[in-house]
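Fold and geometry: a report
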Amino acid sequence: MYRLVRCLTCNEIFFKTPYDQWPEYEYPSPLSTDVFQIVEKDDYQDFLKQHQDHPMENLEILKDSLVSEKPYSEPIKISYFKATNGKETFVIKKFRTRIDEPLAYQLIPGDYSLNLLRLEIQSEAISKQLEKEIDPSLISNHQIESFLKLFQKILKTIDLKNLDRIPEESPHPLEIYYKLDDISLVYLLRNCRNMFKGQAYRAIEAFIDRHKEDGVLLLKATYQIKIHESAQKRKVPIPIQNAYKEKQYIEKK
Ligand SMILES: [Zn+2]
């Protein structure tokens, strides 16, 4: 079971995975003749010892909240996910600085949002694909450029809110592909009718049809992660002795 435990005093967290109690294998140096030794490990016990007498709470991880600045397959990267104690939300920063280091988790009170950096057409992929699929005697390089210019112009009129996201996972978590909306598609075709004639138009029309759903005509949006840290006073723990004195004082009154 995955569990996220927060120490309220230090604002530190522990991510309890099924693995933290697994023994860690220590490989001997190449010169050593020993077989590897097994080191028993229980990181969670270490965490509890370190935060003895501090109040703790469980945090619930918010589903589908994981975002990362680099592809999922990249071992060294910073990722963020959200968690809550039912009253407050937190951003959990998950990272490692070296490949042989264990993952570290840092608690940030607040939230994150994904801000759109740019929305663009896949110009290079489109022209490569056009050159590959359509005979140059039908469509010249100059016409390919005109087609890209037209598509760019249409892009400027598009509101991302009206677009459907392509659910297939992009290898990069911050690059998301969207399908062109029907109105923009009609507009694109209508303009192509003026730009290309006869056989050339039929070729480009078929090209658009082939690539509008999942091909090079998808629009690419690039996002960035923005962390909104909530201004929160760090709780200063009252030493137990003083807390007791304070209580006595209040009772005397
Ligand atoms: Zn603590």
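Residues numbered from 1 in each chain as written. Predicted model: local features only at pLDDT ≥ 70, side-chain atom pairs only at ≥ 80, totals over all residues.

**A look at the overall build of the chain**
In terms of helices and strands, the chain carries 6 helices and 12 strands. Looking at the chain as a whole, 11% of its 253 residues are labelled buried. Restricting the contact set of the chain to residue pairs at least 6 apart, pairs at least 24 apart contribute 58%. (Helix = DSSP H or I, 4+ residues; strand = E, 2+ residues; numbered from the N terminus. Buried ≥ 20, exposed ≤ 12 C-beta atoms within 10 Å, placed from the backbone. Contact = placed C-beta atoms within 7 Å.)

**Some words on the pairing of strand 5 (residues 56-61)**
Relative to strand 5, strand 1 (residues 3-7) runs antiparallel, the two being bridged by 4 bridges. When the bridges of strand 5 are listed, Arg 6 appears paired with Glu 57. (Pairing = 2+ DSSP bridges.)

**Some points on the nonpolar core**
Soluble globular proteins tend to bury their nonpolar side chains together. The biggest cluster of nonpolar side chains holds 10 residues, and these are Leu 4, Ile 13, Phe 14, Phe 15, Leu 59, Phe 81, Ala 83, Phe 90, Val 91 and Ile 92. Ignoring sequence-local partners within four residues, the contact set of Phe 90 consists of Leu 59, Lys 82, Ala 83, Thr 84, Leu 107, Ile 108 and Pro 109. Judged by nonpolar contacts, the second largest core, of 9 residues, contains Leu 130, Phe 147, Phe 196 and Ile 204. (Core = buried A, V, L, I, M, F, W, Y, C linked by C-beta atoms within 7 Å.)

**A look at the pairing of strand 8 (residues 89-95)**
Here strand 7 (residues 78-84) pairs with strand 8 via 7 bridges, running antiparallel. Note that in strand 8 the partner of Phe 81 across the bridge is Ile 92. Pairing between strand 8 and strand 9 (residues 104-120): 6 bridges, direction antiparallel. By the bridge assignment for strand 9, Lys 94 is matched with Tyr 105.

**Quick word on the packing of helix 3 (residues 141-156) against helix 4 (residues 182-195)**
The geometry of helix 3 relative to helix 4 is characterised by a closest axis approach of 10 Å and an angle of 150° between their N-to-C directions. By the criterion of interaxial angle, the relationship of helix 3 to helix 4 is roughly antiparallel. You can see that helix 3 and helix 4 cross each other, and the crossing is right-handed. The segment helix 3 lies against helix 4, with Gln 143, Ser 146, Phe 147, Leu 150, Phe 151 and Ile 154 engaging Ser 184, Tyr 187, Leu 188, Asn 191 and Met 195. Broken down by class, the residue content of the contact of helix 3 with helix 4 amounts to 7 nonpolar, 4 polar and no charged. (Axes fitted to C-alpha atoms, helices over the stretch in contact; angles between N-to-C directions. Parallel < 35°, antiparallel > 145°, perpendicular 65-115°, else oblique. Left-handed = near helix turned anticlockwise from the far one by under 90°. Nonpolar A, V, L, I, M, F, W, Y, C, P; charged D, E, K, R; others polar.)

**Comments concerning the confidence of the model for the chain**
Per-residue confidence for the chain gives a mean pLDDT of 84; residues scoring 70 or more make up 81%. pLDDT under 50 marks residues 28-34. Its contacts with residues more than four places away, or in other chains, come to 2 contacts. (pLDDT = per-residue confidence, 0-100.)

**Topic: unusual backbone geometry**
The residue Asn 11 is not glycine, and still its phi comes out positive at about 60°. Looking at where Asn 11 falls in the secondary structure, it is placed in the loop between strand 1 and strand 2 (12-16). Exposure remark for Asn 11: the 15 C-beta atoms within 10 Å place this residue in the partly exposed category. With a phi angle near 70°, Asp 53 is a residue other than glycine that sits in the positive phi range. With respect to the secondary-structure elements, Asp 53 resides in the loop between helix 1 (43-50) and strand 5. Assessed through the 7 C-beta atoms surrounding it within 10 Å, Asp 53 is described here as exposed.

**Notes on the environment of Leu 218**
In this fold, Leu 218 is placed in the loop between helix 5 (198-211) and strand 12 (219-229). Once you skip the residues sitting within four places of it in the chain, Leu 218 turns out to touch Gln 122, Ile 166, Tyr 177, Tyr 178 and Lys 179.

**A word on the environment of Tyr 223**
With respect to the helices and strands, Tyr 223 occurs in strand 12. Residues contacting Tyr 223, with those up to four places away along its chain left out, are Leu 114, Asn 115, Leu 116, Leu 117, Leu 174 and Ile 176.

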